[in-house]
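An overview of the molecular structure
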Amino acid sequence: MKYYIGIDLGGTNIVAAVVDENYNIITKASTKTNRPRPAEAIADDMAAMAIKAVKDANLAMEDIEWVGVGTPGIANSATGVIEYSNNLGFENTPMAKLIQKHIDKPVYIENDANAAAYGEFVAGAAKGAKNAVCITLGTGVGGGIISGGKIYSGSNFAGAEIGHTVIGIDGPQCSCGRKGCFEAYSSATGLIRMTKEKMDQCPDSIMHKISEERGGKVSARTSFDAMRQGDAPAKEVVDFYIKALACGITNTINIFQPDILCIGGGVCNEGDALLLPVKELVAKEVYTRNSPKNTEIVIAKLGNDAGLIGAAFLGACAK
Ligand code: BMX
Ligand code: ZN
């Protein structure tokens with residue numbers, strides 16, 4: 001049996017896993033990212049979690065083929081350098097080298113959403129597809145493109161940032177500097193912003209009661225839950241969220257026409273309440289609406305594990 005290490009470096013958590021050749025996660029070890037911190041300290045913790053996961057699996061480093069890392073931002077897979085990651089505060093961080101100080105193995109790095117797309121491609125909802133696109137609805141909107149079975153990230157490794165394509169000119173401010181990005185509407189962060197705005201306008205909305213019950217917290221679930229209780233303002237928030245998401249997805253399909261477009265990230269826990277109306281809108285608008293073969297839109301299968309499994313198999317993608 002062959003084993004690999006996958007590491008998911010997130011803004012909140014560092015998770016390392018040992019994954020076997022059948023895509024099963026054997027062990028996981030995690031710690032807080034605790035940003036901002038120097039890259040060296042974060043890399044030390046990433047290596048420590050990887051070493052712990054190997055030990056917990058009753059394996060030795062000799063049993064491991066390679067290490068793969070998924071990170072938000074621009075990851076140069078040729079040099080192992082994270083060129084830029086605004087939320088981690090990284091600029092030209094030689095991540096592969098920093099990890100190799102502790103673990104003497106090949107280290108592959110990729111953008112987190114690219115790694116998640118690769119995970120869904122090798123073992124999840126996009127298995128068997130020739131061309132697939134995955135988008136993740138989390139803190140941001142991540143994009144990952146699989147073309148002919150390989151990750152496509154452009155000529156400079158910064159491609160597939162589908163979240164930073166504008167769907168509303170002069171729309172809400174995005175963290176990338178532009179206004180009206182897909183991410184500014186369709187991330188969990190965007191949904192929370194729109195929920196709060198609607199709550200300010202509608203003091204009688206059930207969304208206030210729901211957030212009070214949850215310690216005053218407004219989350220990506222608040223509007224969906226209030227809608228299910230018949231709250232009209234909440235339904236407006238959800239309807240607009242779905243309209244924006246369908247717009248971004250239709251754009252993506254019009255460009256790539258993949259076999260499968262899979263949607264992952266926390267907001268997908270809404271399941272059919274999200275998927276069915278999105279599919280209906282896309283079917284009405286997509287360029288190929290009259291064609292017999294259309295992109296299949298599905299919810300990602302591997303959840304948070306997609307990034308870990310995809311990272312673990314980056315060495316296979318590089319071959
Ligand atoms: C942002 C961008 C992408 C990333 C996406 C999803 C940074 C730091 N991040 O658009 O590179 O793939 O978020 O990130 O530039 P997540 O945190 O939602 O997983
Ligand atoms: Zn943007």
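That block above? That's the structure.
Residues numbered from 1 in each chain as written. Chains lettered and ligands numbered in written order. Predicted model: local features only at pLDDT ≥ 70, side-chain atom pairs only at ≥ 80, totals over all residues. Heavy atoms only, no water.

Regarding the coordination of the zinc ion (ligand 2)
Only His164 (ND1), Cys174 (SG), Cys176 (SG) and Cys181 (SG) from the protein reach the zinc ion (ligand 2) as donors, at distances of 2.1 to 2.4 Å. Each of the four donor atoms around the zinc ion (ligand 2) contributes to a set of angles spanning 104 to 123°, which defines the coordination as tetrahedral. Along the chain, the residues that donate to the zinc ion (ligand 2) are spaced as H-x9-C-x1-C-x4-C. Accessibility expressed as a relative area gives 0% for Cys181, which makes it buried. (Donors = N, O, S within 2.8 Å, 3.2 Å for Na, K, Ca; no water. Tetrahedral: all angles 85-135°; square planar, octahedral: opposite > 155°, others 65-115°. Buried < 20%, exposed > 50% of the residue type's maximum accessible area, 1.4 Å probe, protein only.)

Some remarks on the pairing of strand β12 (residues 260–264)
Within β12, five of the five residues are buried, leaving the element largely enclosed by the surrounding structure. Burial along β12 is two-sided: the residues Ile260, Cys262 and Gly264 and Leu261 and Ile263 are all buried. Taken together, the five bridges between strand β9 (residues 132–137) and β12 define a ladder with parallel strand orientation. Each residue of the ladder has a partner; that of Ala132, found in β12, is Ile260. As paired strands, β12 and strand β13 (residues 296–299) are joined by four bridges and run parallel to one another. Bridged to Ile263 within β13 is Ile299. Read from β12 through helix α9 (residues 272–285) to β13, the crossover connection turns out right-handed. (Helix = DSSP H or I, 4+ residues; strand = E, 2+ residues; numbered from the N terminus. Pairing = 2+ DSSP bridges. Right-handed = clockwise from strand over helix to strand, strands pointing away.)

Let's talk about the nonpolar core
Looking at soluble globular proteins, one finds that nonpolar side chains tend to be buried together. Core analysis: the biggest nonpolar cluster contains 39 residues, and Leu137, Leu245, Ile249, Ile263 and Leu274 have the highest contact counts within it. With 10 residues, the single largest contributor to this core is helix α8 (residues 232–256). Once residues lying within four places of it in the same chain are set aside, the contact partners of Leu137 are Ser186, Ala188, Tyr241, Leu245, Ile263, Gly264, Gly265, Gly266, Val267, Cys268 and Leu274. Of all hydrophobic cores here, the second largest spans 33 residues; its members include Tyr3, Ala39, Ala57 and Ile109. (Core = buried A, V, L, I, M, F, W, Y, C linked by side-chain atoms within 4.5 Å. Contact = heavy atoms within 4.5 Å.)

Some thoughts on the state of the cysteines
Should the sulfur atoms of two cysteines be covalently bonded, the bond is a disulfide. This structure, assessed with the given rule, holds zero disulfides. Cysteine Cys317 shares no disulfide, and the gap to the nearest cysteine sulfur, in Cys134, comes to 13 Å. We classify Cys317 as buried; its relative accessible area is 12%. (Disulfide = S-S within 2.5 Å.)

Details of the sheet that holds β9
As summarised here, the arrangement of the five strands in space is β11-β10-β9-β12-β13, forming an open sheet in which the pairing is mixed. Edge positions in the sheet fall to β11 (150–151) and β13, since each of these pairs with one other strand and no more. In this structure, strand β10 (residues 141–147) lies alongside β11, joined through two bridges in antiparallel fashion. Among the inter-strand pairings, Ser147 is bridged to a residue of β11, identified as Lys150. In the packing of α8 onto the sheet, the strands contacted are β9, β10, β12 and β13, and the crossing angle to β9 comes to about 155°. (Axes fitted to C-alpha atoms, helices over the stretch in contact; angles between N-to-C directions.)

These results come straight from atomic positions and should not be treated as a statement about function.
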